[in-house]
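# Coordinate inspection notes
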Amino acid sequence: RPAKYGASFEVVNPVSKGLVGTAAAASIEDCTDAIEAAARAFQMWQFSTTAKRRAIFEKACALLQTAEYEKKMITALQDEVGANPHAAAFNWRITVAFASAALAALGQLTTESCTLAFDPSAHISIERKPLGVILSCCPWNLPGGLSVLATFYPIIFGNTVVLKPSEYAPRSQAFVLDVLQAAGLPNGVLNLIPMSRDSLPQLIPHIIAHCSIRKVVFVGSGRVGRIVAMEAAKHLKPCFLELGGKAPAIVLDDIVDVNKVAKDIVSGSFWQSGQACIATEQVIVQRGVSEALLASICCMAKDFKFIDPLISAGAVSNFLGMVEEAKNAGAEVLLSDFKGEGLVVGAHIMKDVRPGMRLWDEKSFGPVIPIMVVDTVEEAIEMANASDHSLMAAIWTADADVAKKVATQLRSTYVNINGSTIFCEPTHPIASAGSGASGFGEFDVREFTYKRITVTHSN
């Protein structure tokens, strides 16, 4: 429906600067209506059978795989965020994969029965019960896949959802509502409320404070994630936070194919111009192979064709500021290329970047490879763990035993041995290792349900 007061905001393509559409800009009243609709729907949906949910989500998964929805998603991504064809197609594929994984997770809803050790004459039943209304906020850089994770999982476990899409990509995320409605999801179970950027500081606290909101799911930047978490803490409401990473790639002296490693590092760093939470953002290389590896990385980076824009002028300014700060603090510039049109930025390779520099400590969301040369494996592990992020890591070595030993010491949810950081198994979506700048939470039944224990006592 239109916004109550008819307000809207424009969505502009970051490459052409052309208007690609307008979206309704929700008011406080619109947000309240969406929450109340979700709360009413929850009274019914929480008791829906597993068979009914499975039928709806099986149909939704089938629809997502059709040429119609593939075209819808790819077109929306190219229009709204300037995604290149490869990145747009990947987003569609990972969206389909995440949807199928969420459907499979329905099997996590089980009931346990047993007798009590304290009172053997009593009987206990343990069930997972839904929380209620969930607020889900998703970013623009993987809009399809992340929107599916933030809606399918809560709903399939019996919750209802209010989804706040990115102001940069509302159409790229509205498809979730479209496909679930087409699959037969009852009205009110999922509610979409686009918001203008200026209204967010007023509307998000209003939604979180509402008595019907039981949990907040936020996927995005660490800066905004902290604000959301503090707002939720005022009302003692739990959060699921996925706040990005600073994925380190450790390269040891014994690698056999330097060019293969360099290729995976370059593609892992520059995929979608570095605008991915699992992009390679730290390269920690042993001294013995550093000269050859750096030469190969620079050679490949010079020829890398950048066609994905950074999302905004502010993003470009922040990225280049981080590069300049590192340079002024002593980092060596091996390659610095600002060639491009508009928001398209070229490759940046920086050596001797170290902790204390923003380029080492914070997510840059730009096409840069920060490099540190170390002497020992122990130093490499120490530097990889010095980061406050914990989503993704990689280790490159010819020695399988060393690889496994290093992997066990890295504080990261995923560790890729001889593979790029741009990897995620859909049945185990990206999640933080438990704390710090990457957030906390997992997409599984425990995240979106509570444990209901019913004890039947004997007479």
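Just so you know, these numbers come straight off a predicted model, no measurement behind them.

### Observations regarding the overall build of the protein chain
On a plain count of helices and strands, the protein chain comes out with 14 helices and 18 strands. In terms of overall size, the protein chain behaves like a compact globule, its C-alpha atoms giving a radius of gyration of 23 Å where 459 residues would be expected to give roughly 23 Å. When its C-alpha atoms are laid out on the principal axes, the protein chain stretches across 75 × 60 × 45 Å. The buried share among the 459 residues of the protein chain stands at 57%. Restricting to contacts in the protein chain with at least 6 residues of sequence separation, those with at least 24 account for 73%. Carbon and sulfur atoms make up 55% of the accessible area of the protein chain, which amounts to about 19,300 Å² in all. Charge separation in the protein chain, taken as the distance between the mean sites of 40 positive and 45 negative side-chain charges, equals 6 Å.

### Examining the layout of surface pockets
Space inside the second largest pocket adds up to approximately 400 Å³. Every residue lining the second largest pocket is counted, 18 residues in all, and those nearest its centre are Arg1, Ala34, Asn191, Leu192 and Ile193. Only helix H1 (28-45), helix H6 (170-182) and strand S7 (190-192) provide two or more residues apiece to the lining of the second largest pocket. In terms of residues, the lining of the second largest pocket owes the most to one element, H1, which gives four residues.

### What about helix H8 (residues 222-234)?
In a regular helix each residue adds 1.5 Å, so 13 residues correspond to 18 Å; H8 covers 19 Å between its end C-alpha atoms and thus fits that length. The complete set of buried residues in H8 reads Gly222, Gly225, Val228, Glu231 and Ala232. Residues of H8 that are buried sit in contact with helix H7 (200-209), strand S8 (213-219) and strand S9 (239-242). Residue Leu236 follows H8 closely and has a positive phi angle near 55°.

### Thoughts on the packing of helix H2 (residues 50-64) against helix H4 (residues 85-104)
One can describe the packing of H2 onto H4 by two numbers: an axis separation of 10 Å at closest approach and a directional angle of 165°. As summarised for this structure, H2 and H4 are arranged roughly antiparallel, according to the angle between their axes. Seen along the crossing, H2 lies across H4 with a hand that is left-handed. Contacts from Arg54, Phe57, Glu58, Cys61 and Leu64 of H2 reach H4 at Trp92, Thr95, Val96, Ala99, Ser100 and Leu103.

### Focus: the sheet that holds strand S6 (residues 160-164)
Strand order in the open sheet formed by six strands is S7-S6-S5-S8-S9-S17, with mixed pairing between adjacent strands. Strands with a single pairing partner mark the edges of an open sheet, and in this sheet they are S7 and strand S17 (439-440). Relative to S9, S8 runs parallel, the two sharing four bridges. What sits directly across from Val216, in S9, is Cys239. Lying over the sheet, H6 contacts S6 and S7, oriented at roughly 145° with respect to S7. Together, S8 and S9 form the strand contacts of H8, whose direction differs from that of S9 by roughly 175°.

### Here we look at the pairing of strand S14 (residues 368-374)
Counting buried positions along S14 yields seven of seven residues, so the element is predominantly enclosed. The side-chain alternation of S14 yields two buried faces, one formed by Val368, Pro370, Met372 and Val374 and the other by Ile369, Ile371 and Val373. Two strands pair when backbone bridges link them, and strand S11 (residues 280-286) and S14 are joined in this way by four bridges, in the parallel orientation. Residue Gln286 lies in a different strand from S14, and its bridge partner there is Val374. With four bridges connecting them, strand S13 (residues 348-351) and S14 associate as parallel partners. Paired with Lys351 across the two strands is Ile371, which belongs to S14.

### Some points on the side chain of Lys246
Within the element layout of this structure, Lys246 appears in the loop between S9 and strand S10 (247-251). There is a polar contact of 2.7 Å between the side chain of Lys246 and the backbone oxygen of Leu359. Within the local environment of Lys246, its side chain forms a polar contact with the backbone oxygen of Glu362, the two atoms lying 2.4 Å apart. Other than its neighbours up to four places away in sequence, Lys246 contacts Glu281, Gln282, Arg358, Leu359, Trp360, Asp361, Glu362, Lys363, Ser364, Ser387 and His389.

### Focus: the packing of aromatic side chains
In this structure the tally under the stated criterion is nine aromatic pairs. Measuring from centroid to centroid gives 6.4 Å for Tyr153 and Phe157, while their planes differ by 55°, and the two rings are tilted. Grouping residues by exposure puts Tyr153 and Phe157 together as buried. Ring-pair connections join several aromatic residues into one group, and the members of that group are Tyr153, Phe157, Phe240, Phe443 and Phe448. Over the face of the ring belonging to Tyr69 we find Lys72, whose NZ or CZ atom lies 4.6 Å from the ring centre.

### Looking at the sheet that holds strand S18 (residues 449-456)
Ordered in space as S3-S4-S18, the three strands form an open sheet in which the pairing is antiparallel. A strand with exactly one partner marks an edge of an open sheet, and here the two such strands are strand S3 (111-115) and S18. Averaged over all neighbouring strand pairs, the angle between strand axes comes to 20°, with direction disregarded. Pairing of S3 with strand S4 (residues 123-130), which is carried by five bridges, proceeds in the antiparallel orientation.

Thresholds, definitions, all that
Residues numbered from 1 in each chain as written. Predicted model: local features only at pLDDT ≥ 70, side-chain atom pairs only at ≥ 80, totals over all residues. Heavy atoms only, no water. Helix = DSSP H or I, 4+ residues; strand = E, 2+ residues; numbered from the N terminus. Rg over C-alpha atoms; globule rule 2.2 N^0.38 Å. Buried < 20%, exposed > 50% of the residue type's maximum accessible area, 1.4 Å probe, protein only. Contact = heavy atoms within 4.5 Å. Areas by Shrake-Rupley, 256 points an atom, 1.4 Å probe, with all protein chains shown as cover. Lys, Arg positive; Asp, Glu negative; His and termini not counted. Charge placed at Lys NZ, Arg CZ, Asp CG, Glu CD. 1 Å grid on protein atoms, 1.4 Å probe; cavity = no way out; pocket = protein on both sides within 12 Å on 5 of 7 lines; lining within 4 Å. Points joined across faces, edges and corners; volume = space filled by probe spheres on them. Expected span 1.5 Å × (residues − 1). Axes fitted to C-alpha atoms, helices over the stretch in contact; angles between N-to-C directions. Parallel < 35°, antiparallel > 145°, perpendicular 65-115°, else oblique. Left-handed = near helix turned anticlockwise from the far one by under 90°. Pairing = 2+ DSSP bridges. Polar contact = N/O pair within 3.5 Å; in protein donor to acceptor, adjacent residues only side chain to side chain. Phe/Tyr/Trp six-rings, centres within 6.5 Å; stacked < 30°, edge-to-face > 60°. Lys NZ or Arg CZ within 6 Å of the ring centre and 35° of its normal.

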